[in-house]
Amino acid sequence: MPVIRTLSQAVGRMLPKPACGCRTSAVPVRFLGSSPRQIPADANFHSITFSETDHPRVLITGGLGQLGVGLANLLRKRFGKDNVILSDIRKPPNHIFHSGPFIYSDILDYKNLREIVVNNRITWLFHYSALLSAVGEANVSLARAVNITGLHNVLDIATEHGLRLFVPSTIGAFGPTSPRDPTPDLCIQRPRTIYGVSKVHAELMGEYYYYRYGLDFRCLRYPGIISADSQPGGGTTDYAVQIFHSAAKNGRFECNLKPSTKLPMMYIDDCLRATLEVMEAPAKSLSMRTYNINAMSFTPKELAQEVLKHVPEFQITYNVDSVRQAIADSWPMNFDDSNARKDWGWKHDFDLPELVTTMLNLHGSGARVAQAN
Ligand SMILES: NC(=O)C1=CN([C@@H]2O[C@H](COP(=O)(O)OP(=O)(O)OC[C@H]3O[C@@H](n4cnc5c(N)ncnc54)[C@H](O)[C@@H]3O)[C@@H](O)[C@H]2O)C=CC1
Ligand SMILES: CC(=O)[C@H](N)C(=O)O
């Protein structure tokens, strides 16, 4: 990799500066080889019309999951409703269908994805389609197809059409031989789930395409994300979302992880803001292409204790799911995100007390919260 970078820098120094004074890619990609899918490297579709003063034209894949709709809302506020297209293979509920552009897109269908990018003049792509850790273990071949083959399609299309590409990674990209407390950006990554393996693959492929073809690839490793108005899609950290729903509904919760299982977590607003911030960060501020981001770490017991402060009758019981427990035991307990904080000013807003108050209020147990306070 450093060899390619050095080579690209050397080639870059040999190139004449563009007369127009316009910005060039940090890596003079076209001189390093052909583009990924047998498309001539000098084909004209690289002439990007998007400039820094225009709003990006955004496509979100896998947009009907836990995170995509919230991301679309945030991006639509910033870039305009019609500039952000949600896509998925599922049928959107009415309120989402009527809230802005939605399109069917299966990321395994390369030609269809390319057509969407071309016809809608997409300039930024947020690639959210994935099978998460627990469902991935239940269907390894589908997880392999969606998380790995799907990523290949996205990488090639993003490269061919000069897109800025965001791919989320996860605490699940680490494994039992990684340092767990804290886990730095760069360390041993030997995950034991197909989900984790596919995310390490995505991190490495994105970085490779950045050096090899100049793809503007950006990646954050998310902790477990906690949201009120969207359901989690089958992960190991799902309990930390479901507990609020149960606490507000009937004051009881059966947890599928042991009380002492400590994992990094983050409120959805922080996660989505980080995603927008890293996409807007000037390329020169990014010393890496994949960053850890962190907010808080807690165990089910600690979370339950915080919920109890608001819902005094709350009861938690434990019925451990061995698959999820084994996964959680191999993941980081604390995340070191000092590089994100240093390079592009990442800062979280929500710690555990704010998270719990916000979640219970959003779940309509405001009356209980007020009573307890
Ligand atoms: N939610 C979390 O706690 C975390 C999420 N992430 C990552 O963030 C991204 C989004 O996560 P969530 O919204 O939670 O996931 P999710 O599981 O809730 O949603 C994934 C979406 O992908 C769609 N999908 C599946 N196969 C597809 C295909 N062939 N073509 C197009 N779409 C397809 C599904 O229909 C679903 O709507 C994922 O890449 C995930 O790995 C990373 C760390 C934590
Ligand atoms: C942390 C994640 O990536 C996700 N929520 C999962 O538990 O699989």
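The structure presented is a predicted model; accordingly, all values stated were derived computationally and were not measured.

Quick notes on the overall build of the chain
Thinking step 1. Helices and strands together make up the secondary structure of the chain, namely 14 helices and 13 strands.
Thinking step 2. When each of the 373 residues of the chain is scored for burial, the buried share is 54%.
Thinking step 3. Counting only contacts in the chain whose residues sit at least 6 apart along the sequence, the fraction spanning at least 24 positions is 77%.
Thinking step 4. Carbon and sulfur atoms provide 53% of the accessible area of the chain, an area that totals close to 16900 Å².

Regarding empty space enclosed by the protein
Thinking step 1. Applying the stated rule across the entire model yields one cavity of 30 Å³ or more.
Thinking step 2. Computed from the structure, the largest cavity encloses a volume of approximately 60 Å³.
Thinking step 3. Around the largest cavity sit H127, S129, A130, N147, L151, V167, P168, S198, K199 and A202, which together line it.
Thinking step 4. At three residues, the largest contribution of residues to the lining of the largest cavity is made by helix α7 (residues 194-213).
Thinking step 5. Here the residues of the lining of the largest cavity sort into five nonpolar, four polar and one charged.

Details of the pattern of salt bridges
Opposite charge on two side chains permits pairing when their charged atoms draw close.
Thinking step 1. Tallied over the full model, the rule gives 13 salt bridges.
Thinking step 2. As a salt-bridge pair, D270 and R273 come within 2.9 Å of each other at their nearest N and O atoms. Residue D270 and its partner R273 are both found in helix α9 (residues 268-280); the two are separated by three residues, about one turn of the helix.
Thinking step 3. Between R273 and E277 there is a salt bridge; the shortest N-O distance is 3.0 Å. In this pair, R273 and E277 are both assigned in helix α9, four residues apart and thus about one turn of the helix distant.
Thinking step 4. For R273, a relative accessible area of 24% translates into the label partly exposed.

Examining helix α8 (residues 239-250)
Helical geometry note: an α-helix holds 3.6 residues per turn, so side chains three or four residues apart project in the same direction.
Thinking step 1. Taking 1.5 Å of rise per residue, 12 residues should cover 16 Å, and α8 covers 16 Å from first to last C-alpha, within 8% of that figure.
Thinking step 2. Taken together, the buried positions of α8 are occupied by Y239, A240, V241, I243, F244, S246, A247 and A248.
Thinking step 3. Two residues or fewer past α8, G251 is found with a positive phi of approximately 70 degrees.

Focus on the UniProt feature "domain: NAD-dependent epimerase/dehydratase" (unreviewed entry) in the chain
Thinking step 1. UniProt's entry tags residues 58-293 with the feature "domain: NAD-dependent epimerase/dehydratase" (unreviewed entry), counted in the numbering of this structure.
Thinking step 2. Between the end C-alpha atoms of residues 58-293 the distance is 23 Å, and the span holds 42% helix and 18% strand.

A closer look at the site of ligand 1
Thinking step 1. Inspection of the region around ligand 1 gives 26 residues, with Q66, D88, R90, D106 and Y195 positioned closest.
Thinking step 2. G65 places a main-chain nitrogen or oxygen 3.3 Å from an oxygen atom of ligand 1.
Thinking step 3. Within the side chain of Y195, a nitrogen or oxygen atom sits 2.7 Å from an oxygen atom of ligand 1.
Thinking step 4. When ligand 1 sits alone it has 830 Å² of accessible area, and the protein chains cover 93% of it.
Thinking step 5. Among the secondary structure elements, those contributing two or more residues to the shell around ligand 1 are β6 (169-170), α7 and β8 (224-226).
Thinking step 6. In terms of residue class, the shell around ligand 1 is made up of 13 nonpolar, nine polar and four charged.

Looking at the site of ligand 2
Thinking step 1. Looking at ligand 2, the residues that line it are L132, S133, T170, I171, Y195, G224, G235, T236, T237 and W331.
Thinking step 2. Between ligand 2 and T170 there is a distance of 2.7 Å, counted from an oxygen atom to a side-chain nitrogen or oxygen.
Thinking step 3. Separating an oxygen atom of ligand 2 from a backbone N or O atom of T236 is a distance of 2.6 Å.
Thinking step 4. Contact with the protein chains covers 94% of the free accessible surface of ligand 2, which is 250 Å².
Thinking step 5. When the residues that make up the shell around ligand 2 are grouped by side-chain class, the tally is four nonpolar, six polar and no charged.

Topic: the packing of aromatic side chains
Thinking step 1. In total, this model carries 13 aromatic pairs according to the counting rule given.
Thinking step 2. Plain terms: the ring middles of F79 and W124 are 5.5 Å apart, the flat faces sit at 80 degrees to each other, and that makes the pair edge-to-face. You can see F79 sitting in helix α2 (residues 68-79) and its partner W124 sitting in strand β4 (residues 124-127), a full 45 residues away along the chain. There is no split in this pair, since F79 and W124 are both buried.
Thinking step 3. Members of the aromatic cluster, connected to one another through ring pairs, are F79, W124, F126, Y128, F166 and Y222.

Describing α9
Thinking step 1. Taking 1.5 Å of rise per residue, 13 residues should cover 18 Å, and α9 covers 18 Å from first to last C-alpha, within 8% of that figure.
Thinking step 2. Among all positions of α9, only I268, D270, C271, L272, A274, T275, L276, V278 and M279 are buried.

Each value, and the rule that gives it
- Per chain, the residues get numbers from 1 upward, laid out in the order the sequence is written.
- The naming scheme follows written order: chains are lettered A onward, ligands numbered 1 onward.
- Residues qualify for local features only when their pLDDT is at least 70, as the model is predicted, and side-chain atom pairs are given and counted only at 80 or more; totals for whole chains, interfaces and linings, by contrast, use all residues.
- Neither water nor hydrogens contribute to the side-chain values; these are computed over all heavy atoms in the structure.
- A helix here means a DSSP run of H or I that spans at least four residues, while a strand means a run of E at least two residues long, and both kinds are numbered starting from the N terminus.
- With a 1.4 Å probe rolled over the protein chains alone, any residue whose accessible area is under 20% of its type maximum counts as buried; one over 50% counts as exposed, and the rest are partly exposed.
- Whether two residues are in contact is decided by their heavy atoms: any pair within 4.5 Å suffices.
- Using a 1.4 Å probe, accessible areas were evaluated by the Shrake-Rupley method; residue-level cover was limited to the displayed protein chains.
- Buriedness for pockets is judged along seven lines, at least five of which must meet protein on both sides within 12 Å for an open set on the 1 Å grid over protein atoms alone, while cavities are sets there where a 1.4 Å probe fits but cannot get out, and lining residues have an atom within 4 Å of a point.
- Grid points are joined across faces, edges and corners, and a volume is the space filled by probe spheres set on the points.
- When residue character is reported, Ala, Val, Leu, Ile, Met, Phe, Trp, Tyr, Cys and Pro are called nonpolar, Asp, Glu, Lys and Arg charged, and the others, Gly included, polar.
- Every case where a carboxyl oxygen of Asp or Glu lies within 4 Å of a side-chain nitrogen of Lys or Arg is listed as a salt bridge.
- The length a helix should cover is 1.5 Å for every residue beyond the first.
- UniProt positions are given in the numbering used here, feature names are shortened, and annotations may be inferred rather than shown by experiment.
- We call a residue near a molecule or strand whenever a single non-hydrogen atom of that residue lies within 4 Å of it.
- N or O atoms within 3.5 Å of each other form a polar contact, as long as, within protein, one can give a hydrogen and the other can take it, and as long as residues adjacent in sequence are counted only when both atoms are side-chain atoms.
- Working definition: rings of Phe, Tyr and Trp (its six-membered ring) pair if their centres are within 6.5 Å, and the pair is stacked with planes under 30 degrees apart, edge-to-face with planes over 60 apart, and tilted otherwise.

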